[in-house]
Amino acid sequence: MEYKTETASGINSMVTCLSTSGQIIRFMKVIQHSVETLQTALVSNRQDLAKLYSKYAKEERRLLEEGFHPGHPGSLFQPITLHSDSDWINAHPEEPQDFQSFYRDPYRKTPNASQNTIYIQTIGSFGEAGPQTDQYMEWLREYCQAFFYGLSVKFLPAVTVAKTGCSFRVNSNSHNLQILTGDLLRFLGNKKPKDAFCIVGITMIDLYPKDSWNFVFGQASLSMGMGVFSFARYDDNFYSRSYAGRLKKSFKTKQGDYSVFDGYYTPPITSTLLLRSCKTMTHEIGHMFGIKHCQWLNCVMQGSNHLEESDRRPLDFCPICLRKLQVAIGFKIAERYKALLHWMEEDQSQTSEQEEASACQSVLHFPKPTEAFHTSRLWLRRCLDILGKKDEL
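Parameters and conventions
Residues numbered from 1 in each chain as written. Predicted model: local features only at pLDDT ≥ 70, side-chain atom pairs only at ≥ 80, totals over all residues. Heavy atoms only, no water. Core = buried A, V, L, I, M, F, W, Y, C linked by side-chain atoms within 4.5 Å. Buried < 20%, exposed > 50% of the residue type's maximum accessible area, 1.4 Å probe, protein only. Helix = DSSP H or I, 4+ residues; strand = E, 2+ residues; numbered from the N terminus. Contact = heavy atoms within 4.5 Å. Axes fitted to C-alpha atoms, helices over the stretch in contact; angles between N-to-C directions. Parallel < 35°, antiparallel > 145°, perpendicular 65-115°, else oblique. Left-handed = near helix turned anticlockwise from the far one by under 90°. Nonpolar A, V, L, I, M, F, W, Y, C, P; charged D, E, K, R; others polar. Pairing = 2+ DSSP bridges.

**Student:** Could you clarify how one ought to interpret the nonpolar core in this entry?
**Tutor:** One recurring pattern in soluble globular proteins: nonpolar side chains tend to sit buried together. Formed by 79 residues in total, the largest nonpolar core has its most connected members in Tyr 136, Phe 148, Phe 231, Phe 289, Phe 317 and Tyr 337. At eight residues, helix 6 (residues 131–147) tops the list of elements feeding residues into this core. Leaving out residues up to four positions away in the same chain, Tyr 136 has contacts with Phe 126, Met 204, Phe 231, Ile 269, Leu 273, Leu 274 and Ser 277. Listed in part, the 25 residues of the second largest apolar core include Ile 123, Phe 168, Leu 188 and Ala 196.

So this is what it looks like as structure tokens:
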């Protein structure tokens, strides 16, 4: 069996498999951009934006320019691979957003002194109320604060599904409950504090944006600085017939009767669930800054139509999207990476001390399940090595 690459217009390459009979079997498309295209997308041809780019430290530019050679041996960044026609880029054609188009977008929002807080609103149950659920929510908040380094992240008091007054249904395929995103966005709009840069709703209940759609991981209103997303499908058993959230086919719902959500199943808190939750939360909040779906490199801002595609995305930005966020917030790249690495590693170094303290105070401690973050942890250390900040950890 032999492998080869077909190139189309120097941008998209189809990785193919040539069988012994000579028949070509397609199985993956790799989006390859030229160095010049990636350089323009990151730096811009505009003199003022190129001058702005030149203000980055030499080490920062070296890191960002790693993205010019994606997929090369040892490269920090990888090209986007499309595995099927159902992947996001194939199913939802969009105009690629380079740094210049982001910077010149008159509708994008930027945090300021009076609106610099990200608010998170939990909707419905996140498991049995107790210390473990509270700890899980705090992990999410802390990760979000490290990811959007320089901004404050706060929780609003939790609300029930009934409190939102949203419409809901039973999905005809998965037989699980779903709530309507548009109704949730309207609810969040009325709850948005004055000092909010944005407000995001999170839930363990599945979502749908309109009757014709099967589901959606999340949805955002960029102009209003609002978004909502669900972690329901991040349970490894969600797509199996044994999924505990499946309802009987004969189950009937009545709009306005929110008792169906009382004691509704929520996924167990695992390392994979935490990883997927952090990835989706930061992707959706990234949209609030005016960052559109990435089509340049493998990036957390890529769109996803299904869980397999979502899992292929990395946990962080590509250089082009990182520059967009950095300009919007104004952080030092190394400081942000150190904060993220600290979040992934702090519990490991403190576990023994905290367990000892818990034993004395009869307080439960739940170690942060970061096993699924191992690849991201190593990647962050490589980034900090390039930035010359590894020894400062």
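**Student:** How should I be thinking about the side chain of Arg 141 in this particular structure?
**Tutor:** Tracing the backbone through its elements, the reader meets Arg 141 in helix 6. For Arg 141, a relative accessible area of 18% corresponds to the buried category. Once residues within four sequence positions are removed from consideration, Arg 141 is found in contact with Val 153, Lys 154 and Phe 155.

**Student:** Explanation requested: the packing of helix 6 against helix 9 (residues 271–288) in the structure shown.
**Tutor:** Remark: helix 6 packs on helix 9, axes separated minimally by 10 Å, with the N-to-C direction vectors making an angle of 45 degrees. One element, helix 6, and the other, helix 9, form an angle in the oblique class. Where helix 6 crosses over helix 9, the handedness of that crossing is right-handed. Between helix 6, through Tyr 136, Trp 139, Leu 140, Tyr 143, Cys 144 and Phe 147, and helix 9, the contact on the second element is made entirely by Leu 273, Leu 274, Ser 277, Cys 278, Met 281, Thr 282 and Ile 285. Taken together, the residues of the contact of helix 6 with helix 9 sort by class into eleven nonpolar, two polar and no charged.

**Student:** Any chance you could explain the sheet that holds strand 7 (residues 168–170) here in plain terms?
**Tutor:** Whenever strands of a sheet pair, they do so through backbone hydrogen bonds, lying parallel or antiparallel. Overall, mixed pairing links the three strands, which are arranged 7-8-10 in an open sheet. Two strands bound the open sheet, and with one partner strand each, they are strand 7 and strand 10 (206–208). Strand-to-strand twist in this sheet, taken as the mean axis angle between neighbours without regard to direction, amounts to 40 degrees. Across the sheet, helix 8 (residues 181–191) touches strand 8 (177–180) and strand 10, and the angle it forms with strand 8 is around 50 degrees.

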